[in-house]
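Listed below are the residues making up each chain.
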Amino acid sequence: MDQSAICELIRQFVECESPTDSPDDVKRFMEILIDSVSGIATAHLNKEGALICKFKLPGRRKKGQLLALGHGDTVWPIGTLKSMPFRRAEGRLWGPGVLDMKAGLAFFVFAIRSVVELDIPVPHDVVLLVNPDEETGSKASRAHTEALAKRSDAVIVLEPGTGLEGKAKTARKGIGVWNLKVRGIASHAGVDFERGASAVVELSRQIETIAGFTDLARGVTVNPGVISGGTRSNVVAAEASAAIDIRVPRLVDARILDRKFRALRPFDKRCSLECTGGLTRPPMERSKGGVALFQCARKLAADLGVNLEESSTGGGSDGNFTAALGIPTLDGMGAVGEGAHASHESILLDRIADRVALLTKLIPVAIHDGKSAISYTA
């Protein structure tokens, strides 16, 4: 395995800045990724800007399909490289998007190339889907992700592993947003104070109630993250609003929150409430199929002298969508490092070789040794 070549590809990926809100730059990154799979895959961009690669792998008869998921967009604006240049130092590679998740994509490319070069028979088709809008919720790409997943027997997600141990992810919380709008009655705060009904005061009382929806024992968190309201300090506010983040480990928890949000009533009867929202990503609940995939990967990692552990996380990925469809999904199979979305984003150099080797071993056996979706979705 040529680790210097892997690092060079990671450098090319990272130095092509690709924030979600700049489609042309995301497309430019996708084109670099297409070049990296030249000769081993057919690749094209769909109308949403997602990249689909179907690989040409050893082995004559193909039955079933393994889907690998990634995303080409990052949270970092154009120009971030000036303050966060790609660099190799302190046993790490540093740079915007290196962990989340350009290194994981590079790992997969080299794992596939290893399968081809070593002439390892792969008894199923392998497809890589790289979405352009994961960091903003995958609104445009979700339908295509789900359509490809329905034609697949298993899914591996190239997001980074958990922590500096690089734990695989067998569960992720579902994510949602609720928006609460309050309408009150405006009045002059000095002359006609009593005639007003403050939307700001009403919202503050609602927020206290909503914050109480958090249930840490169940892993449910409810965060009123953005609030706004009023026009001037001498005007009793006629309008106010809040955007509220929810995280739920199970679908039933989302249903419970749905009922609670819809049951909100104004404290001041002169005010009115408009409450809308719900899940944007369903939870990736720990499942038999996902655990079977993990156990397969764990055994392969042990053969490499690596103890692969499993984990759950509060963050979401496109794996949430595939797992919710009942397709066995194993997440966190990308790079090992820390600092996603932070200025110290980096990956560990000494974990590149074992992660690429693990993917190389997993790709040919994920469906059959890792069990197929057919076993668990009847």
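The rules behind the values
- Just so you know, the residues in each chain are numbered from 1, in the order the chain's sequence is written.
- Selection of residues for local features in this predicted model requires a pLDDT of at least 70, selection of side-chain atom pairs for listing and counting requires 80 or more, and totals for whole chains, interfaces and linings are taken over all residues.
- Computation of side-chain values: all heavy atoms of the structure, hydrogens and water removed.
- Where helices and strands are cited, they refer to DSSP runs of H or I of at least four residues and of E of at least two residues respectively, numbered from the N terminus.
- With C-alpha atoms as the basis for the radius of gyration, the globule rule is written as 2.2 Å multiplied by the number of residues raised to the power 0.38.
- Only protein chains enter the area calculation, which uses a 1.4 Å probe; residues under 20% of their type maximum are buried, those over 50% are exposed, and those in between are partly exposed.
- Contacts are assigned to residue pairs with any non-hydrogen atoms lying within 4.5 Å of each other.
- Any two strands are treated as partners once DSSP identifies two or more bridges connecting them.
- Lines are fitted to the C-alpha atoms to define the axes, a helix being fitted only along its stretch in contact, and any angle between axes, read from their N-to-C directions, falls within 0 to 180 degrees.
- In protein, a polar contact requires one atom able to donate a hydrogen and another able to accept it; more generally it is a pair of N or O atoms within 3.5 Å, and residues adjacent in sequence count only if both atoms are side-chain atoms.

**Some thoughts on the overall build of the protein chain**
Here is step 1: A count of helices and strands for the protein chain gives nine helices and 18 strands.
Here is step 2: For a compact globule of 378 residues, the expected C-alpha radius of gyration is about 21 Å, and the protein chain comes in at 23 Å, within 12% of that figure.
Here is step 3: For the C-alpha atoms alone, the extent of the protein chain along its principal axes is close to 85 × 50 × 40 Å.
Here is step 4: Going through the 378 residues of the protein chain one by one, you find that 52% of them count as buried.
Here is step 5: Considering only residue pairs separated by 6 or more positions, the protein chain has 80% of its internal contacts joining residues 24 or more positions apart.

**A short note on the environment of lysine 181**
Here is step 1: Mapped onto the fold, lysine 181 is located in strand β9 (residues 174-183).
Here is step 2: When its relative accessible area of 42% is taken as the criterion, lysine 181 is described as partly exposed.
Here is step 3: Beyond its immediate sequence surroundings of up to four residues, lysine 181 is in contact with Ala240, Ser241, Ser272, Leu273 and Glu274.

**Comments concerning the sheet that holds strand β1 (residues 41-45)**
Note on sheets: strands pair through backbone hydrogen bonds, and any given pair is parallel or antiparallel.
Here is step 1: Ordered in space as β1-β2-β6-β3-β7-β16, the six strands form an open sheet in which the pairing is mixed. Whereas interior strands pair on both sides, the edge strands pair on one side only; in this sheet they are β1 and β16 (329-330).
Here is step 2: Relative to strand β2 (residues 51-55), β1 is paired through five bridges, and the arrangement is antiparallel. Across the sheet, alanine 43 pairs through a bridge with cysteine 53, a residue of β2.
Here is step 3: Contacts from helix α3 (residues 98-117) reach β2, β3 (65-71), β6 (125-131) and β7 (154-157), with the element oriented near 145° to β3.

**Notes on the environment of isoleucine 347**
Here is step 1: Within the element layout of this structure, isoleucine 347 appears in strand β18 (residues 346-348).
Here is step 2: Judged by its relative accessible area of 0%, isoleucine 347 is buried.
Here is step 3: C-alpha separation for the pair isoleucine 347 and leucine 164, spaced 183 residues apart in sequence, amounts to 8.9 Å.
Here is step 4: Every residue in contact with isoleucine 347, bar those within four places of it in the chain, is listed here: Ile10, Gly91, Arg92, Leu93, Val98, Leu99, Ala103, Phe107, Ala335, Val336, Gly337 and Ile352.

**Things to note about the side chain of histidine 124**
Here is step 1: Structurally, histidine 124 is set in the loop between α3 and β6.
Here is step 2: Only 2.8 Å separates the side chain of histidine 124 from the backbone oxygen of isoleucine 363, close enough to count as a polar contact.
Here is step 3: Residues in contact with histidine 124, not counting those within four places in the same chain, are Lys62, Lys63, Gly64, Gln65, Leu66, Ile363, Pro364, Val365, Ala366, Ile367 and His368.

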